[in-house]
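Spelled out, the chains give:
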Amino acid sequence: MAAVAPPGPFRPGFWRSPIRGAWLTAVLGLILLFGITILFVTGLLSYAAYNPNLGVLNDKTPDKGLLGFYLFTWPTHPYWLYRLTQGVHVTLGIVLIPVLLAKLWSVVPKLFEWPPARSPAHALERLSLILLVGGVLFEFATGVLNIQLDYIFPGSFYTLHFYGAWVFIAAFAAHVALRLGRMWRAVRSRSLRSVLATDTAHTEPEPRDPYGLVAAAPARATVSRRGALGLVGAGSLALLVVTAGQSIGGSLRRTALLAPHNRNPGSGPNGFQINKSATAVGITATDIGPDWRLELRGARKLSFTRDQLLAMAQHTAELPIACVEGWSTDDQGWSGLRLSDLAALAGVPRAAGVLVESVQRQGSFRQVLLAGNQIRNPLSLLALHVNGAPLSVDHGYPARVIVPANPGVNNTKWVRRLTFRT
Ligand SMILES: Nc1nc2c(c(=O)[nH]1)N[C@H]1C(S)=C(S)[C@@H](COP(=O)(O)O)O[C@H]1N2
Ligand SMILES: [Mo]
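Note that the structure is a prediction, hence the values are computed from the model and not measured. (Residues numbered from 1 in each chain as written. Chains lettered and ligands numbered in written order. Predicted model: local features only at pLDDT ≥ 70, side-chain atom pairs only at ≥ 80, totals over all residues. Heavy atoms only, no water.)

### Focus: a nonpolar patch on the surface
Here is step 1: Nonpolar side chains collect at one region of the surface, where Ile38, Trp80, Leu84 and Val88 lie side by side and expose about 340 Å² of accessible area between them.
Here is step 2: With respect to the helices, strands and loops of the structure, Leu84 is situated in helix 2 (residues 81-95).
Here is step 3: The class for Leu84 is partly exposed, based on a relative accessible area of 45%. (Patch = residues over 30% accessible without salt bridge, like charges linked within 9 Å, V, L, I, M, F, W, Y side chains within 5 Å. Areas by Shrake-Rupley, 256 points an atom, 1.4 Å probe, with all protein chains shown as cover. Salt bridge = Lys/Arg side-chain N within 4 Å of Asp/Glu carboxyl O. Helix = DSSP H or I, 4+ residues; strand = E, 2+ residues; numbered from the N terminus. Buried < 20%, exposed > 50% of the residue type's maximum accessible area, 1.4 Å probe, protein only.)

Right under this line is the structure:
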């Protein structure tokens with residue numbers, strides 16, 4: 001006896017949009033195929049940029065095991081590398097949201113297929129779609145929450161977003177493998193030009209398909225395919241316009257209405273974005289007052305006042321801050337001591353790494369490891385000044401690390417101690 005579908009969305013007549021069909025789904029799928037591939041690659045690059053191989057301090061997802069197979073030493077050239085890769089990751093992720101929603105809308109009748117499983121193979125396929133849809137929603141949601149709400153998942157965002165990405169990408173790869181041929185045939189089934197030339201009155205449903213995307217009893221069109229694509233495109237464009245400025249910088253920064261770090265950073269030499277202010281992380285006046293010392297450790301132990309550091313040869317570097325949240329600053333003119341000079345002072349001229357510790361007691365980012373190539377780069381500084389003025393308290397006074405192509409989070413502020421390792 002044929003199973004009778006429960007009423008509502010399980011009935012074939014429920015879904016009536018005449019523009020649902022393989023073509024629309026395939027076009028949106030093709031955009032996502034490119035977009036999500038770029039998101040995945042830039043996401044993995046971001047993870048590599050933390051240099052998690054250096055040890056547990058940098059390893060945001062301990063026990064990653066095999067999933068860390070591709071890790072490599074993050075380069076310091078070009079100095080804007082992380083600004084680019086992470087700006088693309090976050091901006092593209094936001095811009096793809098309307099495309100993703102439209103794609104899910106285009107296949108939503110499949111969610112209500114009846115019977116839910118016709119065969120074991122069909123059941124397996126539907127289970128894999130749970131991973132696919134659940135995974136993509138999870139990745140987009142955790143990503144957006146992280147950039148908008150300033151790490152609402154303390155410490156665990158990386159773990160969630162990282163493992164979520166692998167689960168999702170496995171389901172995504174299987175989905176692409178199973179659907180690529182069908183997608184390509186569907187994309188070629190009508191010319192984009194003719195779709196763009198067709199208005200609502202002339203919008204006809206696609207011929208009935210075996211996939212169950214085309215409505216059984218289509219209603220009259222209330223929007224053309226052109227209109228639907230235009231709506232998605234306008235949504236993506238609007239998100240691009242109010243987001244991209246936070247990564248592109250310059251005068252476009254003012255357009256970044258959606259950027260959490262767009263709040264007016266003030267003017268003057270220290271007038272650029274601040275991630276966490278000194279008060280927010282509990283830095284007190286005594287922590288960074290006249291009793292502050294920089295401790296150098298290596299082959300010997302040394303300690304310096306800020307004035308003693310200022311009496312040494314100062315070097316400059318034009319470098320941005322580029323945060324994992326996607327925002328970045330324009331290049332700022334930092335000056336201070338080269339990390340390589342400090343390594344030599346500590347008696348470890350060929351240091352393979354350095355442990356950077358902050359005076360900060362609470363919260364994350366108190367300590368971080370930097371690699372040998374980062375120490376050797378002549379632009380890598382323990383900065384004391386920025387744009388000709390002493391660092392402001394919120395930008396890390398008395399001293400902070402700034403390293404080319406380094407993720408912002410590894411540029412420690414309010415540095416207390418540098419321990420160079422061989
Ligand atoms: N000690 C300490 N250093 C820190 C942070 C912090 O919270 N504490 N935030 C990091 C992050 S996530 C970024 S993006 C940069 C931001 O630097 P800025 O506030 O000077 O722009 O500082 C990094 N250094
Ligand atoms: Mo950051």
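Once the structure has been displayed, the description carries forward.
### Description of the packing of helix 1 (residues 22-49) against helix 2
Here is step 1: Contact pair helix 1 / helix 2: the axes reach a minimum separation of 9 Å and the direction vectors enclose 140 degrees. Here helix 2 runs oblique to helix 1, going by the angle between their axes. Helix 2 is crossed by helix 1, and the crossing has left-handed handedness. Contact residues: Gly35, Ile38, Leu39, Thr42, Gly43, Leu45, Ser46 and Ala49 in helix 1; Tyr82, Thr85, Gln86, Val88, His89, Leu92 and Gly93 in helix 2.
Here is step 2: Residues of the contact of helix 1 with helix 2, tallied by class, amount to 7 nonpolar, 8 polar and no charged. (Axes fitted to C-alpha atoms, helices over the stretch in contact; angles between N-to-C directions. Parallel < 35°, antiparallel > 145°, perpendicular 65-115°, else oblique. Left-handed = near helix turned anticlockwise from the far one by under 90°. Contact = heavy atoms within 4.5 Å. Nonpolar A, V, L, I, M, F, W, Y, C, P; charged D, E, K, R; others polar.)

### Some thoughts on the sheet that holds strand 6 (residues 367-371)
Here is step 1: Strand order in the open sheet made by the 5 strands is 2-1-10-5-6, with mixed pairing throughout. Whereas interior strands pair on both sides, the edge strands pair on one side only; in this sheet they are strand 2 (302-304) and strand 6. The mean angle between the axes of side-by-side strands here comes to 15 degrees, regardless of whether they run parallel or antiparallel. (Pairing = 2+ DSSP bridges.)

### Let's talk about the site of ligand 1
Here is step 1: Near ligand 1 there are 19 residues, and of these Gln273, Gln360, His395, Arg400 and Lys413 occur at the shortest range.
Here is step 2: His395 has a polar side-chain atom sitting 2.6 Å from an oxygen atom of ligand 1.
Here is step 3: In the complex, the protein chains occlude 100% of the 530 Å² of accessible area that ligand 1 would expose alone.
Here is step 4: Looking at side-chain class alone, the shell around ligand 1 contains 8 nonpolar, 8 polar and 3 charged residues. (Near = heavy atom within 4 Å. Polar contact = N/O pair within 3.5 Å; in protein donor to acceptor, adjacent residues only side chain to side chain.)

### Examining the packing of aromatic side chains
Here is step 1: Summed over the entire model, instances satisfying the criterion amount to 16 aromatic pairs.
Here is step 2: Judged by centre distance (5.4 Å) and plane angle (90 degrees), the ring pair of Tyr50 and Tyr158 falls under edge-to-face. Of this pair, Tyr50 sits in the loop between helix 1 and helix 2 while Tyr158 sits in helix 5 (residues 157-187), and the two are 108 residues apart along the sequence. The burial state of Tyr50 is the same as that of Tyr158; both residues are buried.
Here is step 3: Where Phe162 meets Trp166, the ring centres are 6.5 Å apart and the plane angle is 75 degrees; that geometry is what we call edge-to-face. Here Trp166 and Phe162 lie together in helix 5, a separation of 4 residues that amounts to about one turn.
Here is step 4: Judged by its relative accessible area of 17%, Trp166 falls in the buried class.
Here is step 5: Ring pairing ties together the aromatic residues Phe40, Tyr47, Phe69, Tyr70, Phe162, Tyr163 and Trp166, which thus form one cluster. (Phe/Tyr/Trp six-rings, centres within 6.5 Å; stacked < 30°, edge-to-face > 60°.)

### Focus on helix 5
Here is step 1: Between its first and last C-alpha atoms helix 5 spans 37 Å; for 31 residues at 1.5 Å apiece the expected length is 45 Å, and the helix comes up short by more than 12%.
Here is step 2: The principal kink in helix 5, of about 55 degrees, is found at Arg179. (Expected span 1.5 Å × (residues − 1). Bend = angle between axes of the 7 residues up to and from the residue.)

### Observations regarding the domain arrangement of the protein chain
Here is step 1: Its domain assignment divides the protein chain into domain 1 (22-251) and domain 2 (294-421).
Here is step 2: Computed from C-alpha atoms alone, the centre-to-centre distance between domain 1 and domain 2 is 37 Å.
Here is step 3: Taken residue by residue, the interface counts 32 residues in domain 1 and 30 residues in domain 2.
Here is step 4: Taking both partners together, domain 1 and domain 2 bury about 2,500 Å²; carbon and sulfur atoms supply 54% of that area.
Here is step 5: Along the contact surface separating domain 1 from domain 2 lie 1 salt bridge.
Here is step 6: For the salt bridge of Asp330 with Arg83, the shortest nitrogen-to-oxygen distance reads 3.4 Å.
Here is step 7: Our count for the domain 1 to domain 2 interface comes out at 15 residue pairs in polar contact (both at pLDDT 80 or more).
Here is step 8: Where the side of domain 1 that touches domain 2 is concerned, the elements lending two or more residues are helix 1, helix 2, helix 4 (120-149) and helix 8 (245-248).
Here is step 9: Examining the composition of the side of domain 1 that touches domain 2, we find that 6 residues originate from one element, helix 2, more than from any other.
Here is step 10: Here the side of domain 1 that touches domain 2 is built from residues that sort into 15 nonpolar, 14 polar and 3 charged. (Domains from an automatic or database assignment. Buried area = accessible area lost by both parts, 1.4 Å probe.)

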